[in-house]
Amino acid sequence: MRKVPNPHAQALGSLGGKARTKNLTEAEIAKIASKGGKARAAKLNAAQRKRIAKLGVEARERKREGGK
């Protein structure tokens with residue numbers, strides 16, 4: 001059986017994050033986001049990294065061609 005999330009706890013968690021970011025600089029926010037990206041990348045296997053890299057290459061090529 002799946003646990004149903006508490007909407008009140010979700011709302012409080014969301015408010016806490018928003019309140020915290022009001023007191024942070026852009027550089028501090030970027031540093032925190034970078035940690036999340038690094039943690040996500042560490043969990044990926046080689047096939048997933050390859051797929052994501054190919055998507056990036058395709059997006060850059062589309063951008064270079066003028067968004068066609």
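So, here is what we can say about the structure in this document. (Residues numbered from 1 in each chain as written. Predicted model: local features only at pLDDT ≥ 70, side-chain atom pairs only at ≥ 80, totals over all residues. Heavy atoms only, no water.)

1. Examining the overall build of the chain
Counting its secondary structure elements, the chain contains three helices and zero strands. Along the chain, from the amino end to the carboxyl end, the secondary structure elements read α-α-α. Here the C-alpha radius of gyration of the chain, 18 Å, is well above what a compact globule of 68 residues would show, namely 11 Å. Taken along its principal axes, the extent of the C-alpha atoms in the chain is 45 × 40 × 25 Å. Every one of the 68 residues in the chain was classed for burial, and the buried ones make up 1%. The chain carries 19 positive and 5 negative side-chain charges, and their two centres are separated by 10 Å. (Helix = DSSP H or I, 4+ residues; strand = E, 2+ residues; numbered from the N terminus. Rg over C-alpha atoms; globule rule 2.2 N^0.38 Å. Buried < 20%, exposed > 50% of the residue type's maximum accessible area, 1.4 Å probe, protein only. Lys, Arg positive; Asp, Glu negative; His and termini not counted. Charge placed at Lys NZ, Arg CZ, Asp CG, Glu CD.)

2. As for the environment of Asn-23
Relative to the elements of secondary structure, Asn-23 occurs in the loop between α1 (7–22) and α2 (26–43). Measuring from C-alpha to C-alpha, the distance between Asn-23 and Arg-2 comes to 36 Å, with 21 residues separating the pair along the chain.

3. As for helix α3 (residues 46–64)
An α-helical segment advances 3.6 residues per turn. Residues three or four places apart therefore align on the same side. With 19 residues, α3 should cover 27 Å at 1.5 Å per step; its first-to-last C-alpha distance of 27 Å lies within 8% of that length. Two or three places before Ala-47, at the opening of α3, Asn-45 has a side-chain oxygen 3.1 Å from that residue's backbone nitrogen. Positive phi shows up at Gly-66, right after α3, with a value of about 95°. (Expected span 1.5 Å × (residues − 1). Polar contact = N/O pair within 3.5 Å; in protein donor to acceptor, adjacent residues only side chain to side chain.)

4. Details of α2
Here α2 is 18 residues long and its end C-alpha atoms lie 26 Å apart, about the 26 Å a rise of 1.5 Å per residue gives. Here α2 lies mainly on the outside; zero of its 18 residues are buried.

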